[in-house]
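# Geometric and topological summary
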Amino acid sequence: MRFESLIFDIDGTLWDSRSLVAEGYNIQLRDEGLERFCTDPETLKSLFGKVMTDIADALFPTLPPEQRYPLMERCMLRENRYLHENPCLVGYPGIRETLETLSRNHRLFIVSNSQRGYPEVCMEKLGLGELISGHLCFGDTQAPKGETIRILMERHGITSAAYIGDTQGDADAAKDAGIPFVWASYGFGEPTGWIARADSPKDLEEIFR
């Protein structure tokens, strides 16, 4: 398949940071005396890829919105700090080498439903800085992922692209943006609507050869 650019999801596609994210959230929750809301990697598996407000609704359903969403923001700020301080040895095997190979013939981008700062942490910890031509996230646009993909494409003059992700939300976002979806099946979900399937990061090299 030939595309000028490739746009990547983060969680379940580039790395699996669920354990570290849960630890970061839980540190903040314990500091605030809210241990009853502490979470775990398995719970986060079904939530990764959703926007911040949806995650907050799932994790803190008994809190009123005026408390729920600021708490989610504080948890995500603590998560960012925790990831900065941690080696983050959670990248999928071979992911950096694969992106390095793909970058020889494509421009590479990241679009995530994360908070601001999260794509930068991922890029830093996986050593992707010089490989990624641009990135956007929900924290930047406050928009659904499909719209965020469209904004990124407009800003960078992308005329031909595929979106690589692992969940149905990623597949739906690619459809909303009007571009093909490639499923990273080594990730968290089992989406439909994909045009190709990668069972490992290395498979992406063959798909986009």
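Residues numbered from 1 in each chain as written. Predicted model: local features only at pLDDT ≥ 70, side-chain atom pairs only at ≥ 80, totals over all residues. Heavy atoms only, no water.

## Here's the deal with the overall build of the protein
In plain terms, the rule: A run of H or I in DSSP counts as a helix once it spans at least four residues, and a run of E counts as a strand once it spans at least two, with each numbered from the N terminus. Only C-alpha atoms enter the radius of gyration, while the globule expectation follows 2.2 Å times N to the 0.38, with N the number of residues. To sort residues, take the accessible area from a 1.4 Å probe on protein chains only and compare it with the maximum for the residue type: under 20% means buried, over 50% means exposed, and anything in between is partly exposed. For the accessible areas, the method is Shrake-Rupley and the probe is 1.4 Å, while residue cover comes only from the protein chains on display.
Within the protein one finds 10 helices and six strands. Here the protein has a C-alpha radius of gyration of 17 Å; the compact-globule value for 209 residues is 17 Å, and the two agree. For the C-alpha atoms alone, the extent of the protein along its principal axes is close to 50 × 30 × 30 Å. The burial tally for the protein puts 55% of its 209 residues in the buried class. A total of about 9400 Å² of accessible surface is found on the protein, and carbon and sulfur atoms cover 48% of it.

## What about the nonpolar core?
To be explicit about the condition: In this text, buried Ala, Val, Leu, Ile, Met, Phe, Trp, Tyr and Cys residues form a nonpolar core when linked through side-chain atoms within 4.5 Å. The criterion used for residue contact is that any of the two residues' heavy atoms lie within 4.5 Å.
In this structure, Leu14, Phe60, Met72, Leu204 and Phe208 are the most contacted members of the largest nonpolar core, which totals 56 residues. No other element matches helix 4 (residues 65-85), which puts six residues into this core. If sequence neighbours within four positions are ignored, Phe208 has contacts with Met1, Phe3, Leu6, Leu102, His106, Ala162, Ile164 and Val182. With 17 residues, the next largest nonpolar core counts Val111, Leu136, Ala173 and Trp183 among its residues.

## So, the environment of Ala143
Counting through the fold element by element, Ala143 comes out in the loop between helix 7 (138-141) and helix 8 (145-156). In the structure, Ala143 is positioned 17 residues away from Ser160 in sequence and 22 Å away in space, judged by C-alpha atoms. In this structure, Ala143 is in contact with Phe138 and Thr148, ignoring residues within four places of it in sequence.

## Thoughts on the sheet that holds strand 3 (residues 132-137)
Our working rule: Pairs of strands are assigned from DSSP output, requiring at least two bridges between the strands. The axes used here are C-alpha line fits, helices contributing only the stretch in contact, and every angle between their N-to-C directions lies in the interval 0 to 180 degrees.
Across the sheet, which stays open at both edges, the six strands sit in the order 3-2-1-4-5-6 with parallel pairing between neighbours. Of all the strands in the sheet, just strand 3 and strand 6 (196-198) have a single pairing partner and so form its edges. Between one strand axis and the next, the sheet turns by 25° as a mean value, whatever way the strands run. In this sheet, strand 2 (residues 107-112) lies alongside strand 1 (residues 5-8) in parallel orientation, the contact comprising four bridges. Each residue of the ladder has a partner; that of Ile7, found in strand 2, is Phe109.

## Some thoughts on the pattern of salt bridges
The criterion, for reference: When a carboxyl oxygen of Asp or Glu lies within 4 Å of a side-chain nitrogen of Lys or Arg, that pair is called a salt bridge.
Taken as a whole and assessed by the stated rule, the structure comprises 13 salt bridges. Residue Glu4 pairs with Arg107 through a salt bridge whose shortest N-O separation is 2.7 Å. Separated by 103 residues along the polypeptide, Glu4 in the segment before strand 1 and Arg107 in strand 2 bring together distant segments of the chain. Exposure remark for Glu4: the relative accessible area of 30% places this residue in the partly exposed category. What makes Arg107 partly exposed here is its relative accessible area of 26%.

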